[in-house]
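Structure at a glance
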Amino acid sequence: MLNISGFLEQITLVRIIDIALVWWLVYRLLMLIRGTKAVTLLRGVAFVIIIKLVSWYVGFTTISWLTDQIINWGGHRHRCGLSTRNSAWFGAYRPLASFPAATS
């Protein structure tokens, strides 16, 4: 049964301020990255997390394992100092400034 009085007793001014502060920070972050390539990255991360949660809830162990591997692989590459810039897998990285200027 729903205990509304117990729920209302847990709501304090500090918790309301905490939730409002987190909401404001997330809102400002979203406004900051709006219109950038970071939005695409954030959508991809959110997609992987949603697939992970749904597969865990439903009980799809293989899909859950695959999403774990995706999440761990990205973290492993970052922790080991590996990047796509120097990886033979993705090809050599050359900054745009290193290309000779086109002359007409």
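Our subject is the structure listed above.
Right, let's walk through the structure included here. This is a predicted model, so every value here is computed, not measured.

Within the protein, the secondary structure is distributed over four helices and zero strands. Secondary structure elements of the protein occur, N-terminal to C-terminal, as α-α-α-α. Taking all 104 residues of the protein together, the buried fraction comes to 9%. Just so you have it, the protein exposes about 9900 Å², and 70% of that area is on carbon and sulfur atoms.

Okay, a nonpolar patch on the surface next. Together, F47, I50, I51, V54, W56, Y57, V58, F60 and I63 line one region of the surface with nonpolar side chains, adding up to about 1000 Å² of accessible area. Examining the composition of the nonpolar patch, we find that seven residues originate from one element, helix α3 (residues 38-58), more than from any other.

The next point concerns the pattern of salt bridges. Counted by the stated rule, this structure contains one salt bridge. K52 serves as the salt-bridge partner of D68, at 3.0 Å between the closest nitrogen and oxygen. Here D68, found in helix α4 (residues 61-79), pairs with K52, found in helix α3; they are 16 residues apart in sequence, far enough to count as distant. Under the relative-accessibility criterion, D68 is labelled partly exposed at 28%.

Reading the values: rules and limits
Residues numbered from 1 in each chain as written. Predicted model: local features only at pLDDT ≥ 70, side-chain atom pairs only at ≥ 80, totals over all residues. Heavy atoms only, no water. Helix = DSSP H or I, 4+ residues; strand = E, 2+ residues; numbered from the N terminus. Buried < 20%, exposed > 50% of the residue type's maximum accessible area, 1.4 Å probe, protein only. Areas by Shrake-Rupley, 256 points an atom, 1.4 Å probe, with all protein chains shown as cover. Patch = residues over 30% accessible without salt bridge, like charges linked within 9 Å, V, L, I, M, F, W, Y side chains within 5 Å. Salt bridge = Lys/Arg side-chain N within 4 Å of Asp/Glu carboxyl O.

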